[in-house]
Amino acid sequence: SALSRPRRTPAGTSGPAGGQKRSKVTLGLESKRRTLNISRFPQRAAAGEITGCFQQEQIKELKLYKIASELLQTERAYVTRLHLLDQVFCARLTEEAGKGMFPVEVVKGIFSNVGSIYTFHSQFLLPDLETRMSQWASTPRIGDILAQLAPFLRMYAEYVKNFDSAMDLLKQWTERSAQFNTIIQDIQSQEVCGNLTLQHHMLEPVQRVPRYEMLLKDYLKKLPEDDPDCSQAKKSLNIISMAATHSNMAIRKMENLKKLMEIYEMLGGEEDIVNPSNELIKEGQILKLAARNTSSMERYLFLFNNMLLYCVPKFSLVGQRFTVRTRVCVEGMKVLETSNEDYPHTFQVSGKERTLELQASSEQDKEDWIKVSVLFRGNLHLRHFPYLCSCVFQKEELGKRAPRWIRDNEVTMCMKCKEPFNPLTRRRHHCRACGYVVCYKCSDYKASLRYDGNKLNKVCKDCYFILTGRADAEEPVSGKKRGILEIEAAQVSGNSFLCGFLQYSTDRTKPCQRVWCVIPQHDALVLYLYGAPQDVKAQCTIPLLGYQVEDVQRSVDHPPTSFRLCQSKSVHCFTADTEEVKLRWLKVIHKAVIGEMPECQTPVDDDLANGCHEGVPDGT
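As the structure is a computational prediction, the values presented were derived from the model and not from experiment. Starting from 1, residues in each chain are numbered consecutively following that chain's sequence as written. Given that this is a predicted model, residues contribute local features only at a pLDDT of at least 70 and side-chain atom pairs are listed and counted only at 80 or more, while totals for whole chains, interfaces and linings are drawn from all residues. Excluding hydrogens and water, the side-chain figures rest on all heavy atoms present in the structure.

A. Just the nonpolar core, in detail. Nonpolar cores were defined as sets of buried Ala, Val, Leu, Ile, Met, Phe, Trp, Tyr and Cys residues, with membership established by side-chain atoms within 4.5 Å. Relative accessible area decides the class of each residue, using a 1.4 Å probe on protein chains only: under 20% of the type maximum gives buried, over 50% gives exposed, and in between gives partly exposed. Within the largest apolar cluster, 65 residues are counted, with the highest numbers of intra-cluster contacts made by Phe111, Phe180 and Met202. Considering every element that reaches this core, the biggest residue donor is helix H3 (residues 50–97), with 15 residues. Throughout, a contact is declared for two residues whenever any of their heavy atoms are within 4.5 Å. Those residues in contact with Phe111, other than ones at most four positions away along the chain, are Leu85, Phe89, Cys90, Leu93, Tyr159 and Leu198. Listed in part, the 25 residues of the second largest apolar core include Leu527, Trp585, Ile589 and Val593. Working definition: helices are DSSP H or I runs of at least four residues, strands are E runs of at least two. Numbering for both runs from the N terminus.

Put into structure tokens, the structure is as follows:
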């Protein structure tokens, strides 16, 4: 074989003929340099620059020789690896398969056409490169060799195409057959394998073609445009680049499979993870905000191209590190950017199976999670939409998708009957269909929900009638109209000039109450006061027309962020969280009290809870 023939040691390598070869190459370069046509540089020769041109020419030729030498050295190492695959692994497994231990077709399916690839490189490409390098002084070129042999690299397409199924077969039979696994482990333990697995060695042919492309590109950068080898080198690069495209895809798949195996082990053998069709998009730690309150819990997310795994960490240093709590299908999944006054960097993931309120570690981490949501078909992304992730579903969607639960602290009254909650006789319950917070009377119904496998779940009265198809509970009864206070806070906040929390009091002797204040666009001269951002009924309204606005100065009784609305004996005292928020409220109210249309106040990033929501439709 070509590997057994004595080889000449190229310049720059160790060996008995190394010094002699270097001298021949050097003499050849000097001879070529002496025969350079000085007429090519008439101006430079006149200026005394001909010596510098000779030095630059010599440097270029030395760089070209170095690239060609690297190609030869890596080719020798690659042929050794192919010999290991074809003459050791494949030959040994084929021999054992002939004894009936496992099917011969399995071995053929794993190694594909690696035998043909080995023959091509060991008997054609490597010998030609060795001959050319021994004659480099007189023929300093490699483009012609590669142009002649590059078309044979198309055989790699079959190997790359079969690569995924080869990995599956190897994994399958390593687990199924003890004899097969023993042979693999025995060869891998040999010194020639270098403590590397068969899978690692099988990746070598996939990586080899991109290596040719990289070296040839570097070779062309150093090669002068008028060099006779330039056209041949460009021709071979075009052919190799096409073959490298398929190899690069296989490399990415192999890296993806390795990552899937790691996740498979971290999840304790979760099924359907190691699948060539699965692709990991993003992973990372996250905080989960509780559905009923705002406490946070540490969680971990794995986002794939087809599913989101919501996992709970396990306190284990080895083996399984996470337990999968929920799988959310990517199809139809929605990601909404939210804001929480007490917890920054929050966003919501809503799927058919479950809706999650999550908190990222930073604003950048939050943006990264939201950006990947563009991969999801039908994704909804609302920018700066605090407290108003409404759970109002279309009737045809109710029960098919898990709702986001309104938190207990976002309401002060039943969202259906509007009766105030109390800890003894009227406690809070959640409707599993719409996520509203309702009292026990309004949640004393059960209906099957498709997102929960058609199991019976506790639902509110309205959802029960809609899901069972008996009647539409939201239709007005006996033509009764809503009162002025019976307007949902989320509805008016979503289309308001300004909304946010303020401290409110009507009497200096009474403590201030934190209320959600809204000046809606449809009723610009009225200030609505709610107990919480999701209340369905306002506590009171203040008609602003005719009121006087007083900017309260700093005093013992009032902080500098206070202001008052006065009319006759009626006095309403307000206190904002910051001076900036106070100024925004005063800007709107000053126009409203004289009957002019206010301007929508744009929220600032550090206080989204007190911003407006221009252009957000009602009920979204």
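B. Up close: the sheet that holds strand S14 (residues 526–530). At least two bridges found by DSSP between two strands are what make those strands a pair. Strand order in this open sheet of seven strands is S15-S14-S13-S12-S18-S17-S16, and the pairing throughout is antiparallel. The outermost strands of the open sheet, each flanked by one partner alone, are strand S15 (540–543) and strand S16 (548–551). Going from strand to strand, the sheet's axes swing by 35° on average, the running direction of each strand aside. Here four bridges tie S16 to strand S17 (residues 562–567), and the two strands are oriented antiparallel to one another. By the bridge assignment, Glu550 is partnered in S17 with Arg564. Note on geometry: axes are lines fitted to C-alpha atoms, helical ones only across the stretch in contact, with angles between N-to-C directions running from 0 to 180 degrees.

C. The arrangement of helix H11 (residues 204–222) in detail. Here, expected helix span is obtained from the residue count minus one, scaled by 1.5 Å. In a regular helix each residue adds 1.5 Å, so 19 residues correspond to 27 Å; H11 covers 27 Å between its end C-alpha atoms and thus fits that length. For H11, the set of buried residues is Pro205, Val206, Arg208, Val209, Pro210, Tyr212, Glu213, Leu215, Leu216, Tyr219 and Leu220.

D. Structural context of the sheet that holds strand S6 (residues 346–350). Read across the sheet, seven strands follow the order S4-S3-S2-S1-S7-S6-S5 without closing on themselves; strand pairing throughout is antiparallel. The sheet terminates laterally at strand S4 (322–329) and strand S5 (334–337), the two strands that pair on one side only. Across the sheet, the axes of successive neighbouring strands diverge by a mean angle of 35°, strand direction being ignored. Pairing of strand S2 (residues 296–304) with strand S3 (residues 307–313), which is carried by four bridges, proceeds in the antiparallel orientation. Bridge assignment links Leu301 to a residue of S3, and that residue is Tyr310. Each of strand S1 (280–289), S2, S5 and S6 is contacted by helix H13 (residues 363–371), which is oriented at about 125° to S1, the strand it contacts most.

E. Structural detail: the pattern of salt bridges. For salt bridges, the criterion is a side-chain nitrogen of Lys or Arg within 4 Å of an Asp or Glu carboxyl oxygen. Scanning all chains against the criterion turns up 19 salt bridges. The salt bridge partner of Asp218 is Lys222, with a shortest N-O separation of 2.8 Å. Highlighted residues: Asp218 and Lys222, both in helix H11, separated by four residues, approximately one helical turn. Owing to a relative accessible area of 30%, Asp218 belongs among the partly exposed residues under this scheme. We classify Lys222 as partly exposed; its relative accessible area is 25%. Note that Glu262 and Lys259 form a salt bridge whose closest N and O atoms lie 3.7 Å from each other. Linking Glu262 with Lys259, this pair stays in helix H12 (residues 230–266), spanning three residues, or about one helical turn.

F. Region of the structure containing helix H5 (residues 114–134). With 21 residues, H5 extends 29 Å between its outermost C-alpha atoms, agreeing within 8% with the 30 Å of an ideal straight helix rising 1.5 Å per residue. Here the bend at each residue means the angle between axes fitted to two seven-residue stretches, the one ending at that residue and the one beginning there. His121 marks where H5 bends most, by close to 35°.

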